[in-house]
Amino acid sequence: MLGELHTEIIKQKVEPDDLEVQVAIATDIAVVSPLTFPAIAGILSHLISLQNKEQKEVLWNKVYEKMNKVPHNGY
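All residue numbers here refer to positions counted from 1 along the written sequence of the relevant chain. It should be noted that, the model being predicted, local features are given only for residues of pLDDT at least 70 and side-chain atom pairs only at 80 or more, the latter also being counted only at that level, while totals for whole chains, interfaces and linings use all residues. Values shown for side chains rest on all heavy atoms present in the structure; no hydrogens or waters enter the calculation.

**Q** Sorry, what's going on with a nonpolar patch on the surface here?
**A** Among the surface-exposed residues, V21, I25 and I29 lie close enough to one another that they form a single nonpolar patch of about 240 Å² accessible area. Mapped onto the elements, I25 comes out in helix α2 (residues 19–32). Nonpolar side chains (Val, Leu, Ile, Met, Phe, Trp, Tyr) are joined into patches within 5 Å and like charges within 9 Å, using only residues with over 30% relative accessible area and no salt bridge. Note on areas: these come from Shrake-Rupley sampling with a 1.4 Å probe, and a residue is covered only by the protein chains present in the view. Each salt bridge in this description consists of a side-chain nitrogen of Lys or Arg and a carboxyl oxygen of Asp or Glu lying within 4 Å of one another. The helix and strand labels rest on DSSP assignments: H or I over at least four residues marks a helix, E over at least two residues marks a strand, and numbering proceeds from the N terminus.

In structure tokens, the structure reads:
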């Protein structure tokens, strides 16, 4: 299912209105199911690439803070 989601997400060429929500949902999935993180990383990378430079750093910091709470997470 994540592969299908990734396929749909990479079709986005402009920043969606709910970009921060999409990033939050993807991050939540990775937190709940850490084995999905490699696939989620691709989704997050594309979504955040649609944002302006300053906001990219803010979003990556939010992802980092949330993922940092997951024990034994090498990512």
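**Q** Can you help me understand the nonpolar core in this one?
**A** Side chains of a nonpolar character, in soluble globular proteins, are inclined to be buried together. Formed by 15 residues in total, the largest nonpolar core has its most connected members in V23, I40, I43, L44, L47, V63 and M67. When residues of this core are traced back to their parent elements, those giving at least two are α2, α3 (37–49) and α4 (53–67). Looking at which element gives the most residues to this core, the answer is α3, with six residues. Note on definitions: a residue-residue contact is assigned when non-hydrogen atoms from the two residues lie within 4.5 Å. With residues up to four places along the chain from it excluded, the contact list for I40 reads L2, A26, I29 and A30. What makes a nonpolar core is a set of buried Ala, Val, Leu, Ile, Met, Phe, Trp, Tyr and Cys residues whose side-chain atoms join them at distances within 4.5 Å. Under the scheme applied here, a residue whose accessible area is under 20% of the maximum for its type counts as buried, over 50% as exposed, and between as partly exposed, the area being computed with a 1.4 Å probe on protein chains only.

**Q** Honestly, the side chain of T27 in this entry has me stumped. Any pointers?
**A** Relative to the elements of secondary structure, T27 occurs in helix α2. Exposure remark for T27: the relative accessible area of 3% places this residue in the buried category. What T27 contacts, discounting residues up to four positions off in sequence, is L44, V63, K66 and M67.

**Q** Help me out: how do you make sense of the pattern of salt bridges in this one?
**A** Per the stated rule, a full pass over the model turns up three salt bridges. In this structure, E8 engages K11 in a salt bridge whose closest nitrogen and oxygen atoms are separated by 3.2 Å.

**Q** I tried to follow the environment of I10 on my own but got confused; where do I start?
**A** With respect to the secondary-structure elements, I10 resides in the loop between α1 (2–9) and α2. On the basis of relative accessibility, which here comes to 35%, the residue I10 falls in the partly exposed class. Note: C-alpha distance between I10 and I43 (33 residues apart in sequence) is 7.6 Å.

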